[in-house]
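Descriptive analysis of the structure
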Number of protein chains: 2
Amino acid sequence: MISRAEQKTFVGAEQLANDVTACLEALFPSREGPLPLHEPEFNEQAEAKVVECIRSTFVSSVGAFVSEFEEKLAHICGVAHAVAMVNGTAALEVALRVAGVEPNTEVLLPSLTFVATPNAVSHLNAVPHFVDVNEQTLGIDPEELRRHLDQIGELKAGQLFNRKTGRIISAIVPVHVFGHPAAMDELLDAAGAFGVAVVEDAAEALGSRYKGRHCATLGRLGAISFNGNKIITTGGGGAVVTDDAGLAATARHLSTTAKLPHAWAFAHDMVGYNYRMPNINAALGVSQLEELPDRVAKKRRLAAAYINQFSGHPDLRILCESEHAMSNYWLNTLILEPHATDSRDVILQYLNSAGFMARPVWQPMHTLDIYADAPRASLPHTEALAERLINLPSSAKLAECLS
Amino acid sequence: MISRAEQKTFVGAEQLANDVTACLEALFPSREGPLPLHEPEFNEQAEAKVVECIRSTFVSSVGAFVSEFEEKLAHICGVAHAVAMVNGTAALEVALRVAGVEPNTEVLLPSLTFVATPNAVSHLNAVPHFVDVNEQTLGIDPEELRRHLDQIGELKAGQLFNRKTGRIISAIVPVHVFGHPAAMDELLDAAGAFGVAVVEDAAEALGSRYKGRHCATLGRLGAISFNGNKIITTGGGGAVVTDDAGLAATARHLSTTAKLPHAWAFAHDMVGYNYRMPNINAALGVSQLEELPDRVAKKRRLAAAYINQFSGHPDLRILCESEHAMSNYWLNTLILEPHATDSRDVILQYLNSAGFMARPVWQPMHTLDIYADAPRASLPHTEALAERLINLPSSAKLAECLS
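Residues numbered from 1 in each chain as written. Chains lettered and ligands numbered in written order. Predicted model: local features only at pLDDT ≥ 70, side-chain atom pairs only at ≥ 80, totals over all residues. Heavy atoms only, no water.

What follows deals with the overall build of chain A. Helices and strands together make up the secondary structure of chain A, namely twelve helices and 16 strands. Principal axes of the C-alpha set define a box for chain A whose edges measure 75 × 55 × 35 Å. Taking all 403 residues of chain A together, the buried fraction comes to 62%. Intrachain contacts of chain A at a sequence separation of at least 6 include 71% that bridge at least 24 residues. (Helix = DSSP H or I, 4+ residues; strand = E, 2+ residues; numbered from the N terminus. Buried < 20%, exposed > 50% of the residue type's maximum accessible area, 1.4 Å probe, protein only. Contact = heavy atoms within 4.5 Å.)

Structural data, given as structure tokens:
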């Protein structure tokens, strides 16, 4: 690490890249082979549960592991209902539909997110509407949101309209980026003032809390992901969580082809989905949920080590949880100071060459051709941050390899 | 069994229900407990493969079992490409999109199908357009199809329009109901004459062939399901199969969020899906595919026994494969003669009470409120058949319990 005293002017991209790489070498002196960005881990219980599931023959969407997984997940989140889905994208799509997002309405969401967030909106034939984020949380900036809605929003009979497009604005989706809780109190206040439903994209935030409450449970509904790269995994999987029994029942109904209960007859009262998590994936998930507290603790130790390693650096810092947040630190994130922005790709090359898998943040959604025409606020922070972020190896087990 | 000689006039619903139940008791004299409609089965290899998958830590959508499953499936189907998906509904949705089904176009399909068929169309924001089926295959009737298209269709610049709605008719979806191949030659001819792409819903037809060619490979693309109730299962799963390398590549790309290949950067060039089959489900599938030939053979033995047991019955028969078809007999199907239509529910009650899980065919799609406004042909055979079909217990292993 280069101290502020030694470093009055920017040393240049290559020296910085060398320095960052050396910092990681120093953190993980005993590593063997390359460090992936995020590796899944399984205990023996995982194998036992999955074998038990196969022997029961109930491997599909009817099964006891799905119920057990949902109960355990709801308990962890401190919420009344969890509905297990085939993945996080499906969970967000169903959560949005259940929250009342109709075709041809607009859904507010950050542009700095994985493509699944706007895709879930598009799959409902609704329109993503991008708003700006801030550097403290990487989530939607509440003040910028209010400013934008004051400018383009129009309340008619309690319903918010985009006066530029004439469309209803039906929901807002705070995304808890890399596990860092967005500024939920301020976002809930703003959404309430404008009469817009809040659906959280907590795909990356299992184990993260805001003022003690679990992410995904602060809005009307939330969506969580259990993809292979997440803090725990079911192979592919997701869940909708909510305290509202009616919304949970509708989410469950919609995800199982909206079939009406009957011993043998087939009738369906909504255009539903085939989105329920299979029992074999839930069996894996039941064992994974047991490991969550330990994994959050390890990931927080790892984050503390990263933060310490880069503390006081003149050209960059590690993103810390904000005042009211308890982050799962899903992916540790290096933020380049604005003057070092142009170093990003050199740092990425050095790190990946040295066996530290690192990657930039997603290309902002409004810069993709597929979402270039979507309505949006001005996005200065999104555009600047998109060039300044680097994710670092973040598997929980790295906490055991620290120097 | 009651012979035709003994039985000149209809005996009434209760006596018929008693007779059918007695026929099943006679077929399975040594059964222990109720017989489900269709049970999954797993060998020891299934457990070994899934444990191997967990130990590799690659349980999610990147993994060797997905590739192995796709290769084995393509080989079985005698086709160049298979793309594994999260379920059959997703596979059909992607196949339709890849075949060129655009929003607000119409897709021809039978009303006598599971709700997933029209739902896949609806999820693309396209419109199901229901056509009639026949009693020989339970699939789309080619003559009725031509008659209907002559009436409502209008070819303009090589593109078929529905002159009543003004919408393009973009595809036709033959469904191989209960594993019985539809009359593909005649349907392909008709589709060709009207310039409409053919996408097969072969959800139920893995192992079924038409003139020696595997179902799902006769049109441009086909969709197969591996749900828990199918001939083999991956928990939840499906696949798109096709001989067209370009279509297969697009299906694969669309199902993995349409992400462009890059070591670390995120760019997406289509509004894609999170629809790839997870590796852990594919591990199960690899072991299941090994069992397919044996399972098809057993299911055909079981079907032969059912056919023989009810042969010559004056009030009903078992659906047989048609001349050019080799059916997997996924679900054995009892067809009531028209005069015995009203007996169906009594037979269902008797069979289910006696521990033989039986069910009627799906309520026709055009009679559901959600599809009541969809365009359609007149559907006399669909409406009549919907009241006359009963599925009987059909697990492959029942072939070993036959009297």
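Moving on, we get to the relation of the copies chain A and chain B. Of the transformation placing chain A onto chain B, the axial shift is 0.0 Å and the rotation is 180°, giving an RMSD of 0.0 Å. Each copy turns onto its partner about a two-fold axis. The share of interface residues of chain A whose copies in chain B are also at the interface is 100%, consistent with both copies meeting through the same surface. (Least-squares fit on C-alpha atoms with pLDDT ≥ 70 in both.)

Attention now goes to the sheet that holds strand 9 (residues 213-214) of chain A. Residue and element names in this part refer to chain A. Strand order in this open sheet of three strands is 9-8-13, and the pairing throughout is antiparallel. What marks the edges here is a single partner per strand, and that holds for strand 9 and strand 13 (325-326). Strand direction decides the pairing type here: strand 8 (residues 209-210) and strand 13, joined by two bridges, are antiparallel. Of the residues in strand 13, the one forming a bridge with Arg209 is Met326. (Pairing = 2+ DSSP bridges.)

Further remarks concern the pattern of salt bridges. Enumeration over the complete set of coordinates arrives at 34 salt bridges over all chains. A salt bridge links Lys211 of chain A to Asp185 of chain A, with the nearest nitrogen and oxygen atoms 2.4 Å apart. With a gap of 26 residues between them, Lys211 of chain A in the loop between strand 8 and strand 9 and Asp185 of chain A in helix 7 (residues 184-194) connect regions that are remote in the sequence. In this structure Asp185 of chain A comes out as partly exposed when scored by relative accessible area, which is 30%. Residue Arg31 of chain B pairs with Glu25 of chain B through a salt bridge whose shortest N-O separation is 3.3 Å. For Glu25 of chain B, a relative accessible area of 35% translates into the label partly exposed. What emerges from the salt-bridge pattern is a single network uniting Glu68, Lys72 and Glu290 of chain A. (Salt bridge = Lys/Arg side-chain N within 4 Å of Asp/Glu carboxyl O.)

Another point: the packing of helix 4 (residues 88-98) of chain A against helix 5 (residues 116-123) of chain A. All names here are of chain A. It is the contact of helix 4 with helix 5, at a shortest axis distance of 9 Å, that shows an interaxial angle of 50°. Between helix 4 and helix 5, the crossing angle belongs to the class labelled oblique. Helix 4 and helix 5 meet at a crossing whose hand is right-handed. Residues Thr89, Leu92, Glu93 and Leu96 of helix 4 form the contact with helix 5, whose own contacting residues are Ala116, Thr117, Ala120, Val121 and His123. Grouping the amino acids of the contact of helix 4 with helix 5 by side-chain chemistry returns five nonpolar, three polar and one charged. (Axes fitted to C-alpha atoms, helices over the stretch in contact; angles between N-to-C directions. Parallel < 35°, antiparallel > 145°, perpendicular 65-115°, else oblique. Left-handed = near helix turned anticlockwise from the far one by under 90°. Nonpolar A, V, L, I, M, F, W, Y, C, P; charged D, E, K, R; others polar.)

Moving on: the side chain of Lys298 of chain B. All names here are of chain B. Structurally, the position occupied by Lys298 is in helix 9 (residues 279-309). Assessed through its relative accessible area of 13%, Lys298 is described here as buried. Filtering out sequence-adjacent residues up to four positions away, Lys298 remains in contact with Ala396, Ala399 and Glu400.

Moving on: the packing of helix 1 (residues 13-27) of chain A against helix 11 (residues 344-353) of chain A. Residue and element names in this part refer to chain A. Contact geometry for helix 1 and helix 11: axes closest at 8 Å, N-to-C directions at 40°. Of the possible angle classes, the one that applies to helix 1 and helix 11 is oblique. Helix-helix and strand crossings are classified by hand; for helix 1 and helix 11 the assignment is right-handed. Seen from helix 1, the contacting residues are Ala13, Glu14, Leu16, Ala17, Asn18, Val20, Thr21 and Leu24; seen from helix 11, they are Val346, Ile347, Tyr350 and Leu351. Tallied by class, residues from the contact of helix 1 with helix 11 come to nine nonpolar, two polar and one charged.

Now for the nonpolar core. Counting 113 residues, the largest nonpolar core has Leu96 of chain A together with Leu96 of chain B as the members making the most contacts within it. Once residues lying within four places of it in the same chain are set aside, the contact partners of Leu96 of chain B are Val101, Val107, Ala120, Val121, Leu124, Ala171, Val173 and Val199 of chain B. Counting 70 residues, the second largest nonpolar core, distinct from the first, contains Ala82 and Ala239 of chain A together with Val50 and Phe65 of chain B. (Core = buried A, V, L, I, M, F, W, Y, C linked by side-chain atoms within 4.5 Å.)

Chain A puts 55 residues into the contact, and the matching count from chain B is 55 residues. Here chain A packs against chain B, burying approximately 4600 Å² in sum over the two surfaces, 67% of which is carbon and sulfur. Of all residues in chain A, Glu47, Trp264 and Phe266 of chain A give up the largest surface area on contact with chain B, accounting jointly for 17% of the area buried on that side. Viewed at the interface, chain B and chain A are joined by two salt bridges. Here Arg55 of chain B makes a salt bridge to Glu47 of chain A, at a shortest N to O gap of 2.7 Å. In this structure, the connection of chain A to chain B is made through 17 residue pairs in polar contact (both at pLDDT 80 or more). Secondary structure elements with two or more residues in the side of chain A that touches chain B: helix 2 (44-56), helix 5, helix 9 (279-290), helix 11 and strand 15 (359-360) of chain A. Of the residues that constitute the side of chain A that touches chain B, the class distribution is 30 nonpolar, 21 polar and four charged. (Buried area = accessible area lost by both parts, 1.4 Å probe. Polar contact = N/O pair within 3.5 Å; in protein donor to acceptor, adjacent residues only side chain to side chain.)

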